[in-house]
Amino acid sequence: MELDLIILLKYLFLGALQGITEPIPISSSGHLVLAQHFMGIGTDNLSFELLVNAGSLIAVLLIYKEDILRLAKNGISFAFTRQEEYKKDFRFIMYLILATIPAGVIGVLLADKISVKNVYVTGATLIITGIALFLIRNLRGRKRDGDIGIKDALIVGFAQAVALVPGISRSGATIVAAMGIGMRPATALRFSFLMFIPVSVGGTLLSLTDLINDENLGELLLPYMAAFFISIVTSYISLKWFMNIMAKGNLIYFSIYCFIVGTAVLIFA
């Protein structure tokens, strides 16, 4: 019974860690690598990581449900009516789709080579994330949803592909790229998390067979479900908090955090 409780607490911690770190620019994958190395409570189970990532996806869907419904409604309306009033949202959808292609293609072709779960690589990439956040900390672009073009979508899309490397924050990389090419912070944040949805949905669907065939599923069903639900709750709270931070322009705090943690990892690992 005591061992079962320890296992449950371990997976609850990992689910909460994923949930807290996924929305904010400090790399959830990098923190899972660090948890495994320093605390001995990580997991090499890919199906589990994708499960808690799905929890973060649900939180994003809940927070951006109004944007999603509006885009879907107006996108379909434009496809059938070609009315100018719906064109902006239709184009936004097309750019979101375009932006997801680089990460999808690179993830399929080079996943084993890119996803290096090495603590020193994670420390170095956290420092890189910190530098990138520092460089754009004061940028306040003017581009809104309707001002985004093909080039913008591709640049942010390739930034998301770079974030396949543990330690490079997905939200951080895409927001840095978006703000670097002139998007307003609110637009950059919305574009970043809306483009997270198709990539996460695709990864979740592709992992269903792995999860079903997971030899540990019967034994770890309760810890898995507990981690899944805690990742939903913590992701929701974390993203709401981060939206407030973005509105105030306080990205410098995440930059400092990445510098400190990345440097500490390289020194003490």
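Residues numbered from 1 in each chain as written. Predicted model: local features only at pLDDT ≥ 70, side-chain atom pairs only at ≥ 80, totals over all residues. Heavy atoms only, no water.

Before we go on, may I ask you to explain the overall build of the protein chain in this structure?
For the protein chain, the helix and strand inventory stands at 11 helices and 0 strands. The order of α-helices and β-strands along the protein chain, N terminus first, is α-α-α-α-α-α-α-α-α-α-α. Here the C-alpha atoms of the protein chain give a radius of gyration of 19 Å, agreeing with the 18 Å that 2.2 N^0.38 yields for 269 residues. Overall, the protein chain is about 65 × 40 × 35 Å in size when its C-alpha atoms are taken along their principal axes. Counting across all 269 residues of the protein chain, residues that qualify as buried make up 49%. Sequence-distant contacts, at least 24 apart, represent 81% of the contacts inside the protein chain between residues at least 6 apart. When the accessible surface of the protein chain is split by element, carbon and sulfur atoms take 68% of a total near 13400 Å². Computing the positive centroid from 21 side-chain charges and the negative centroid from 18, the protein chain places the two 16 Å apart. (Helix = DSSP H or I, 4+ residues; strand = E, 2+ residues; numbered from the N terminus. Rg over C-alpha atoms; globule rule 2.2 N^0.38 Å. Buried < 20%, exposed > 50% of the residue type's maximum accessible area, 1.4 Å probe, protein only. Contact = heavy atoms within 4.5 Å. Areas by Shrake-Rupley, 256 points an atom, 1.4 Å probe, with all protein chains shown as cover. Lys, Arg positive; Asp, Glu negative; His and termini not counted. Charge placed at Lys NZ, Arg CZ, Asp CG, Glu CD.)

Can you walk me through empty space enclosed by the protein in this structure?
A probe as big as a water molecule, rolled over the atoms, marks out the empty space that is left. With the rule as written, the count across this model stands at 1 cavity of 30 Å³ or more. Along the walls of the largest cavity sit Arg137, Arg140, Met179, Pro185, Met246, Gly249 and Leu251, which together make up its complete lining. Among the residues forming the lining of the largest cavity, the class breakdown is 4 nonpolar, 1 polar and 2 charged. (1 Å grid on protein atoms, 1.4 Å probe; cavity = no way out; pocket = protein on both sides within 12 Å on 5 of 7 lines; lining within 4 Å. Points joined across faces, edges and corners; volume = space filled by probe spheres on them. Nonpolar A, V, L, I, M, F, W, Y, C, P; charged D, E, K, R; others polar.)

Even after reading the chapter, I still don't get the environment of Cys258, so can you show me in this structure?
With respect to the element layout, Cys258 can be found in helix H11 (residues 252–268). Taking the C-alpha atoms as reference, Cys258 lies 46 Å from Arg82; in sequence the two are 176 residues apart. Discounting chain neighbours no more than four positions away, the residues touching Cys258 are Pro25, Ile26, Leu126, Ile127, Thr129, Gly130 and Leu133.

Where do I start with the packing of aromatic side chains in this structure?
The geometry of an aromatic ring pair is captured by two quantities: the separation of the ring centres and the angle between the planes. All chains considered together, the criterion is met by 7 aromatic pairs. Here the aromatic rings of Tyr11 and Tyr224 are separated by 5.7 Å at their centres, their planes lie at 55°, and the arrangement is tilted. In this pair, Tyr11 is assigned in helix H1 (residues 2–21) and Tyr224 in helix H10 (residues 217–248), connecting sequence segments 213 residues apart. Joined through ring pairs, the aromatic side chains of Trp241, Phe242 and Phe254 make up one cluster. Positioned above the aromatic ring of Phe134 is the side chain of Arg137, whose terminal nitrogen or guanidinium carbon lies 3.8 Å from the ring centre. When the ring centre of Phe193 is taken as reference, the NZ or CZ atom of Arg170 above it lies at 5.3 Å. (Phe/Tyr/Trp six-rings, centres within 6.5 Å; stacked < 30°, edge-to-face > 60°. Lys NZ or Arg CZ within 6 Å of the ring centre and 35° of its normal.)

Which parts of the structure should I look at to understand the side chain of Thr21?
Here Thr21 shows up in helix H1. Its relative accessible area of 3% is what places Thr21 among the buried residues. Ignoring any residue separated from it by four or fewer positions in sequence, one finds Thr21 in contact with Ile26, Ser27, Ser28 and His31.

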